[in-house]
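One-letter residues, chain by chain:
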Amino acid sequence: MNLLFDFTVDKATNTIQITREFAADLDLVWDAFTKAEMLDQWSAPKPWKARTKEMDFREGGRWLYAMVSPENVTYWSLVEFIEIQDKSSFSTKNSFCDENGNPINTGFTSSLTKNSFKAGAETTTVQIVKKMANLSELEQFIAMGFKEGVTAGLANLDEFLLTLVTNK
């Protein structure tokens with residue numbers, strides 16, 4: 001199956017837009033984006049691992065997680081849930097932090113992300129819109145390998161979803 005993947009950078013609005021199709025139903029894709037035990041299985045680009053410390057998926061809740069390198073170096077991130085429309089969309093504020101969720105100075109401020117989900121006949125389409133604070137941060141984020149990392153993570157999700165659909 002040839003699944004849609006589009007990655008667009010809009011420097012005029014400091015925005016990254018990703019549109020990605022998955023060969024799974026809406027319920028499964030939604031769960032893969034909103035449940036810690038599933039996020040930990042796919043969200044880190046291999047050979048890295050994602051490790052959730054805390055997940056409270058509700059408006060006002062947060063997801064505190066680490067990306068762990070093969071050398072066991074951890075980089076912490078905080079996702080704060082702003083608005084949730086069940087199985088339709090959720091918006092977040094994202095920032096780098098320490099292991100307790102406290103902000104750290106990485107040269108980045110926070111970004112805002114909206115994840116939208118749309119069911120199709122045999123697929124689910126996810127649209128991710130990430131707005132950075134300014135053009136400098138957007139360019140630095142891209143230079144750090146964001147596109148490559150997110151592409152690898154979404155490919156991991158394809159594999160993960162396939163194992164879940166096959167085991168049903």
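Above this text is the structure in question.
Parameters and conventions
- Residues numbered from 1 in each chain as written.
- Predicted model: local features only at pLDDT ≥ 70, side-chain atom pairs only at ≥ 80, totals over all residues.
- Heavy atoms only, no water.
- Helix = DSSP H or I, 4+ residues; strand = E, 2+ residues; numbered from the N terminus.
- Rg over C-alpha atoms; globule rule 2.2 N^0.38 Å.
- Buried < 20%, exposed > 50% of the residue type's maximum accessible area, 1.4 Å probe, protein only.
- Contact = heavy atoms within 4.5 Å.
- Areas by Shrake-Rupley, 256 points an atom, 1.4 Å probe, with all protein chains shown as cover.
- Lys, Arg positive; Asp, Glu negative; His and termini not counted.
- Charge placed at Lys NZ, Arg CZ, Asp CG, Glu CD.
- Salt bridge = Lys/Arg side-chain N within 4 Å of Asp/Glu carboxyl O.
- Axes fitted to C-alpha atoms, helices over the stretch in contact; angles between N-to-C directions.
- Parallel < 35°, antiparallel > 145°, perpendicular 65-115°, else oblique.
- Left-handed = near helix turned anticlockwise from the far one by under 90°.
- Nonpolar A, V, L, I, M, F, W, Y, C, P; charged D, E, K, R; others polar.

Caption draft 1: Inspection of the overall build of the protein at higher detail. Looking only at helices and strands, the protein features 4 helices and 8 strands. Its C-alpha atoms give the protein a radius of gyration of 15 Å, within 12% of the compact-globule value 15 Å for 168 residues. The principal-axis extents of the C-alpha atoms in the protein amount to approximately 45 × 35 × 30 Å. The burial tally for the protein puts 40% of its 168 residues in the buried class. For the protein, the share of sequence-separated contacts (at least 6 apart) that also reach a separation of at least 24 residues comes to 48%. Element-wise, carbon and sulfur atoms account for 52% of the exposed surface of the protein, whose accessible area totals about 9,100 Å². Of the charged side chains in the protein, 17 are positive and 23 negative; the average position of the first set lies 1 Å away from that of the second.

Caption draft 2: A look at the pattern of salt bridges. One pass over the structure, following the stated rule, counts 7 salt bridges. Asp31 is the partner of Lys35 in a salt bridge, and the nearest nitrogen-oxygen pair spans 3.6 Å. Take Lys35: its relative accessible area is 35%, and that puts it in the partly exposed class. Ionic pairing is found between Arg58 and Asp56, a salt bridge with its closest N-O pair at 2.8 Å. Given the relative accessible area of 44%, Arg58 is considered partly exposed. Judged by its relative accessible area of 28%, Asp56 falls in the partly exposed class.

Caption draft 3: Fine view of the environment of Gly101. Of note, Gly101 is situated in the loop between β6 (89-97) and β7 (111-119). Gly101 gets classed as buried once you look at its relative accessible area, which sits at 11%. When neighbours within four sequence positions are excluded, Gly101 is seen to be in contact with Arg62, Leu64 and Leu78.

Caption draft 4: Inspection of the packing of helix α1 (residues 26-34) against helix α4 (residues 146-166) at higher detail. Interaxial distance between α1 and α4 falls to 11 Å at its minimum, and their mutual angle equals 125°. The orientation of α1 with respect to α4, classified from their angle, is oblique. α1 and α4 meet at a crossing whose hand is right-handed. Contact with α1, carried on its side by Leu28, Val29, Ala32 and Phe33, involves Leu154, Leu157, Leu161, Leu164 and Val165 of α4 and no other residues of that element. Each residue belonging to the contact of α1 with α4 can be placed in one class, and the counts come to 9 nonpolar, no polar and no charged.

Caption draft 5: A look at unusual backbone geometry. The linkage connecting Lys46 with the following residue, Pro47, adopts the cis geometry, with an omega of 10°. Structurally, Pro47 can be placed in the loop between α2 (36-42) and β3 (49-55). Positive phi, close to 55°, is recorded for Lys87, a residue that is not glycine. Structurally, the position occupied by Lys87 is in the loop between β5 (74-85) and β6.

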